[in-house]
Amino acid sequence: MALCAASHPLLQNTRNALRRCFKQNRAFYSNISGPQEEEIRQKLRIFPGGSVDLQKQESGIAVMTVNNPARMNAFSGSMMLELEERVNELETWTEGKGLIVQGAAGTFCSGSDLNAVRAISNPQDGMKMCMFMQKTLTRLLRLPLISVALVEGKALGGGAELTTACDFRLMTSDAVIQFVHKHMGLVPGWGGAARLVRIVGSQNALKLLGGAKKVDPHLGRQIGLVDEVLSSPLGEGSSLVEAEQWLSQFTKGSAPVIRAVKQVVVSGRELSLEEALRTEKDIFGTVWGGPANLEALAQKTKHK
């Protein structure tokens, strides 16, 4: 991040602010760390298949693809580990501004691979897997990138939960989001219920979870789960092009500024007002007097 000399000392303040922003969750996830986390990793590695692919573009937009078409892009154990690796990579991508999450071969994701689920169906391992995915998806939502879930085909179960770990959700006209957990004798475990309540409110969330209700684009727009309905697919890759165009309205401009925008929103959503205000001040300090700010002042951009 290029900043003028006057603002350099504030970089450490921002790091401290972001540490404060996330410290409360470290305690929440502390019961899956060290040996216990490595234990669930070893078990997940036993179930290979598919991949989570990441393409970073010079535009500052990355495309992450859940790729397991033979199982409707369900997450195998190894894919859960790969998802964490991709999030690690995105956390250190300082030039990044936006992220599109999609599924391969015209469908989004059908949750977790039942082969892996059956093999770790005991409560202890199930809880560890749950916490592992909660932790990964929480980090995904907190990335300093503006993220969009591009939902084509079906987003079922854990796939529906994955959509809530993005800032926005776009659907093609024939797509469906469905929290099918009740049909499996379950409730969401990857943080999807908590995020869903924040997105659509408790009453709508109760309807979607309690009724395992299918959300088409019309209903999605009506309840606020879906931000835009894309045109019917015109060919392979056309929906991705539309999604990139839609996202570009929020990612035009300086990467440090776009990332700062996302960071102040995360702090405002997750912290107390006092902590959020302190964090906002510190993040403001990293862009004040920076190249984008000085250029805008010189061009009197505010009045254009």
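The protein carries the name Ethylmalonyl-CoA decarboxylase in an unreviewed UniProt entry, which gives Pygocentrus nattereri as its organism. Annotation of the protein in UniProt includes, under Subcellular location (unreviewed entry), the sentence "Cytoplasm, Cytosol". In UniProt, the protein has this text filed under Function (unreviewed entry): "Decarboxylates ethylmalonyl-CoA, a potentially toxic metabolite, to form butyryl-CoA, suggesting it might be involved in metabolite proofreading. Acts preferentially on (S)-ethylmalonyl-CoA but also has some activity on the (R)-isomer. Also has methylmalonyl-CoA decarboxylase activity at lower level."

A.B. asks: When you look at the overall build of the protein in this model, what are you seeing that I'm missing?
C.D. replies: Secondary structure assignment for the protein yields 13 helices and nine strands. Per-residue burial for the protein yields a buried fraction of 49% across its 304 residues. Intrachain contacts of the protein at a sequence separation of at least 6 include 74% that bridge at least 24 residues. Counting every atom, the protein has about 14700 Å² of accessible surface; 56% of that belongs to carbon and sulfur.

A.B. asks: Would you mind showing me how to read the sheet that holds strand β9 (residues 228-230) here?
C.D. replies: Note on sheets: strands pair through backbone hydrogen bonds, and any given pair is parallel or antiparallel. The six strands lie next to each other as β1-β2-β3-β4-β6-β9, forming an open sheet whose pairing is mixed. Of all strands in the sheet, those bounded by a partner on one side alone are β1 (51-56) and β9. The average undirected angle you get between the axes of adjacent strands in this sheet is 20°. Inspection of the sheet shows strand β3 (residues 98-103) paired to strand β4 (residues 146-151) by four bridges, in the parallel sense. Paired with I100 across the two strands is V148, which belongs to β4. The sheet strands contacting helix α10 (residues 238-251) are β2 (61-67), β3, β4, β6 (168-172) and β9, and the helix crosses β3 at an angle near 155°.

A.B. asks: What should I look at first to understand the packing of aromatic side chains in this one?
C.D. replies: A complete count under the given rule lists five aromatic pairs for this structure. For the pair F168 and F250, a centre-to-centre distance of 5.2 Å together with 15° between the ring planes defines the contact as stacked. A residue pair is termed long-range when its members are at least 10 positions apart, and F168 in strand β6 and F250 in helix α10 qualify at 82 residues. Residue classification places F168 among the partly exposed residues on the basis of a relative accessible area of 21%. Accessibility expressed as a relative area gives 31% for F250, which makes it partly exposed.

A.B. asks: What is the right way to read the pairing of β6 from this model?
C.D. replies: Sheet faces and side chains relate simply in a regular strand, where the side chains alternate between the two faces. Counting buried residues in β6 gives four out of five residues, a clear majority hidden from the surface. Strand direction decides the pairing type here: β4 and β6, joined by four bridges, are parallel. Paired with V148 across the strands is F168, a residue of β6. Bridge count for β6 against β9 is three bridges, and the pairing is parallel. The partner of L170 across the bridge, within β9, is E228.

A.B. asks: I would appreciate a short explanation of the nonpolar core in the present structure.
C.D. replies: Most often, soluble globular proteins have nonpolar side chains that are buried together. The biggest cluster of nonpolar side chains holds 47 residues, and the ones touching the most others in it are F75, L99, L140, I177 and L225. Setting aside chain neighbours within four positions, we find L140 in contact with M64, V87, L99, L162 and A165. Ranked by size, the runner-up nonpolar core spans eleven residues in total, among them I61, I100, V148 and L247.

A.B. asks: What is the right way to look at the side chain of T136 in this model?
C.D. replies: With respect to the secondary-structure elements, T136 resides in helix α5 (residues 123-142). Among the residues examined, T136 registers a relative accessible area of 2% and is labelled buried. With sequence-adjacent residues up to four places away left out, T136 is seen in contact with L83, E84 and V87.

A.B. asks: Would you mind showing me how to read unusual backbone geometry here?
C.D. replies: For residues that are not glycine, phi is negative in most cases, and the peptide bond is trans in most cases. Even without being glycine, A105 reaches a positive phi, approximately 60°. Within the secondary structure, A105 is located in the loop between β3 and α4 (114-119). Unlike most non-glycine residues, A212 shows phi in positive territory, near 45°. Here A212 is to be found in the loop between α8 (202-210) and β8 (214-215). What makes A212 buried here is its relative accessible area of 4%.

A.B. asks: Is there a simple way to explain the side chain of D113 in this structure?
C.D. replies: Relative to the helices and strands, D113 resides in the loop between β3 and α4. What makes D113 buried here is its relative accessible area of 7%. Engagement of the side chain of D113 in a polar contact is seen with the backbone nitrogen of N115, the distance being 3.0 Å. In this structure D113 touches R71, A74, F75 and S76, once residues within four positions along its chain are discounted.

About the cut-offs
Residues numbered from 1 in each chain as written. Predicted model: local features only at pLDDT ≥ 70, side-chain atom pairs only at ≥ 80, totals over all residues. Heavy atoms only, no water. UniProt positions renumbered as here; feature names shortened; annotations may be inferred. Helix = DSSP H or I, 4+ residues; strand = E, 2+ residues; numbered from the N terminus. Buried < 20%, exposed > 50% of the residue type's maximum accessible area, 1.4 Å probe, protein only. Contact = heavy atoms within 4.5 Å. Areas by Shrake-Rupley, 256 points an atom, 1.4 Å probe, with all protein chains shown as cover. Pairing = 2+ DSSP bridges. Axes fitted to C-alpha atoms, helices over the stretch in contact; angles between N-to-C directions. Phe/Tyr/Trp six-rings, centres within 6.5 Å; stacked < 30°, edge-to-face > 60°. Core = buried A, V, L, I, M, F, W, Y, C linked by side-chain atoms within 4.5 Å. Polar contact = N/O pair within 3.5 Å; in protein donor to acceptor, adjacent residues only side chain to side chain.

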